[in-house]
Amino acid sequence: MLSIENIADSIDAWLNRAFSPSVATLLEGVLVGLGAITFFAVLGLVLVLMERKVSAYMQIRLGPNRVGPGGSLQTVADTLKLAMKEGLTPDGADKFLFNLAPFMVIVVAMLILAPIAFAKGSQLWDINIGILYVSAVSSLSVIGILMAGWASNNKYSLLGAMRSGAQIVSYELSAGFSVLSIVVLTGSLRISDIIASQQDGWWLFKGHIPAIISFVIFLIAVTAETNRAPFDLAEAESELTAGFHTEYSGMRFALFFLAEYVNIFIVCAIAATLYLGGWMPLHIGHWSGFNLVMDYIPSSLWFLGKTFILIFVIMWFRWTFPRLRIDQLLDLEWKYLLPLSLFNLLLMTLIAIEGWHF
Amino acid sequence: MIEEIGTTELGELVVNLGPQHPSTHGVLHLVITLSGETIKKVEPHLGYIHRSIEKMCESLSYRQFIYVTSRMDYLSSHINNHGCALCVEKGMQIEVPPRAKVIRVLMDELTRLASHQLWWGAMAMDVGALTPFFHAFREREAINDIMEKTCGARLTMNYMCPGGVAFDLHPDFQREVKAFLAFFHGKLDEYDELVTDNVIFQGRMEGVGYLSREDAISYGCSGPTARASGVSCDIRKLSPYEVYDQVRFEEVTGTGGDCFARYKVRMGEMRQSISIIEQLIDNVPEGDFQAKTKAVLKLPKGEFYSKVETARGEFGVYIISEGATTPYRIKFRSPGFSNLSALDHMARGHKIGDLVAIMGTLDLVIPDIDR
């Protein structure tokens, strides 16, 4: 069967035949790096197009339909346009931080891609603290946003960055507790272990109601963490024009934009990994025939399918809900989500200790 | 002005919201003094789109000046024209034929509906929901099509003239308006489902931008803004013009005085407008659509005032005539200007996001404020 694992194995075998082992390892590293960057760029293009199409159909429009078949090359054209635009630096801006900020944000987004398992056996880095690494690195992106807001020398940017700081730091807690509740069930932080533990059923179904609660809290928290509507206060275009990236133009703006979409992909991929079994196919109890058919669907399709369904849900949020106010946003986290997720974690621990889950 | 802006207390931030800003719906310039996210003071700076329409009118004849007012509150241009035509008719003592009266009211209410739809979409966009805007435009488009077929224009219709309307209704008019009403009936419930009943939306609206009854009166607010604070000020009820005393409709008032009350009042007004159109659409009397008037109108020496209820409030036209073919002086009382004056009072102590929501519920049209 044509799967990423088999392709990787054959490339590895061919490289080892053609070169000495150390050169082969180096070449593999370069290949993987190039692959990651390409994936990153393609992902951005696909997600932007998807968002435009989803929003268009929700808003009784057609969306982009001129460039390429069905408008599929629209985002490529937009990227070219952005690449050719002048990147302005405002007067009085802190030039070093101003130029550094978009790279900070994009590098963080790229780093989180490392431990994510895209298919059976295709994972860049199966580190033993995988999910902790993801939580730790993702909280760094707020530094890039604060940098952008401060260095722009613009009051709107500053307000947006301050909102973003308060928001990301708060919602990190709920997201963390939701992740923890699955770690408690699995007993491991390693992403491959978490996926393996869902072989006979996804945690969303196996973990009773606490798993469903933590899934919902996780989705809300990551929507806030990625600054998506209804929590898009950091950019709130009707209030702060464009928030922290008001002063950015050209490719530096494109990097912020790309990072936003890659972040959506990453959080949805993590949600799919934790609650929906990552690349694991859907198995139902003892229905061996059904399970066999499900096994024939490639694992990468399972993973991408689950992830894109979650991405669609997050886009659905954006095009349906109005935006919260900053105090309501913080109220929601500190008064409702945080106590609920703490209680939920306790309940989950009890379930894990007593072995009540399926 | 610069010195005044410079004087702030420690820790306060002065932000210029506008004149180019997505949520001021035009070229309104607000100088906001912030302490963190909390608003200390809002100071509107006007004049970016001032075209001295009042002065312009002094050199236009009584037939011509009516159409300049389309460019003031462009969302209810027909009602503005109506106010001017009423004032000229008052001065000339022209009796408007019954058919023209009904046509005028029908077009007024269609304009009000179109204006409220645009407001609904724009306000939802102000609080961050982008989708309603397109839904509102879908319905507004149907009204614009009716307008286009009837008057030849979609936004600034210029359908009024002293003594009646410029030309008669086309034969399909009644059928098309009925088709629109049938189409629009379910859509209002859809609006409620999508926006009104949304918990986040209610959270953003309730208790925000409170304007008490006394303040609404003392700031000179009118229209839905004042009615949401419990002030009964609908010109269509208080001093009915045309056939408003013969149709059944309720004056929608609220008691809350907050953004949600203003929102509810406008939503209620849409339903009342539909009811008025339904009552009149089958009862357009036969007859002339225009009274016989002289080619050149000369108002007698004196002062004339008439007022109408636009989608935003009371629109007054005040003409001083010296007996010539052009007015000696014209003053317009635009509802947006008075409503804007209450913005600072309403927004103090709230957050930036609330300011945008309050501006949304005031339904500001900047050319109406600046003239």
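In this text, all values refer to a predicted model and were calculated from it rather than measured experimentally.

A. Here's a closer look at the pairing of strand β6 (residues 302-309) of chain B. All names here are of chain B. Of the pairings in the sheet, the one linking β6 to strand β7 (residues 314-321) comprises eight bridges and is antiparallel in character. Among the inter-strand pairings, Val308 is bridged to a residue of β7, identified as Phe315. Where β6 hands over to β7, the hairpin turn is made up of four residues, of which Gly313 adopts a positive phi near 145°.

B. Molecular detail of the sheet that holds strand β1 (residues 13-17) of chain B. Residues and elements named next belong to chain B. A sheet is described by the order of its strands in space; here three strands give the open sequence β1-β2-β3, paired in antiparallel fashion. Every interior strand has two partners, whereas the edge strands, β1 and β3 (38-45), have only one. Across the sheet, the mean angle separating the axes of adjacent strands is 20° when strand polarity is ignored. Bridge count for β1 against strand β2 (residues 29-35) is five bridges, and the pairing is antiparallel. Paired with Leu17 across the bridge in β2 is Leu30.

C. Quick look at the sheet that holds β7(B). Residues and elements named next belong to chain B. In spatial order, the strands read β6-β7-β8; together these three strands make up an open sheet with antiparallel pairing. Strand pairing shows two members of the sheet lacking a second neighbour, β6 and β8 (329-333), which therefore form its edges. On average, adjacent strands in this sheet sit at an angle of 10° to one another, irrespective of strand direction. The sheet contact formed by β7 and β8 spans five bridges and is antiparallel. Each residue of the ladder has a partner; that of Ile320, found in β8, is Arg329. Most of the contacts of helix α4 (residues 77-92) go to β6, to which it runs at about 145°, and overall it touches β6 and β7.

D. Highlighting the packing of helix α5 (residues 98-126) of chain B against helix α15 (residues 352-362) of chain B. All names here are of chain B. With their axes 9 Å apart at the nearest point, α5 and α15 run at an angle of 180° to one another. Judged by the angle between their axes, α5 and α15 are roughly antiparallel. For the pair formed by α5 and α15, the contact residues are Ala122, Met123 and Asp126 on the first element and Val356, Ala357, Met359, Gly360 and Thr361 on the second. Residues belonging to the contact of α5 with α15 are distributed by class as follows: five nonpolar, two polar and one charged.

Calculation notes
- Residues numbered from 1 in each chain as written.
- Chains lettered and ligands numbered in written order.
- Predicted model: local features only at pLDDT ≥ 70, side-chain atom pairs only at ≥ 80, totals over all residues.
- Pairing = 2+ DSSP bridges.
- Helix = DSSP H or I, 4+ residues; strand = E, 2+ residues; numbered from the N terminus.
- Axes fitted to C-alpha atoms, helices over the stretch in contact; angles between N-to-C directions.
- Contact = placed C-beta atoms within 7 Å.
- Parallel < 35°, antiparallel > 145°, perpendicular 65-115°, else oblique.
- Nonpolar A, V, L, I, M, F, W, Y, C, P; charged D, E, K, R; others polar.

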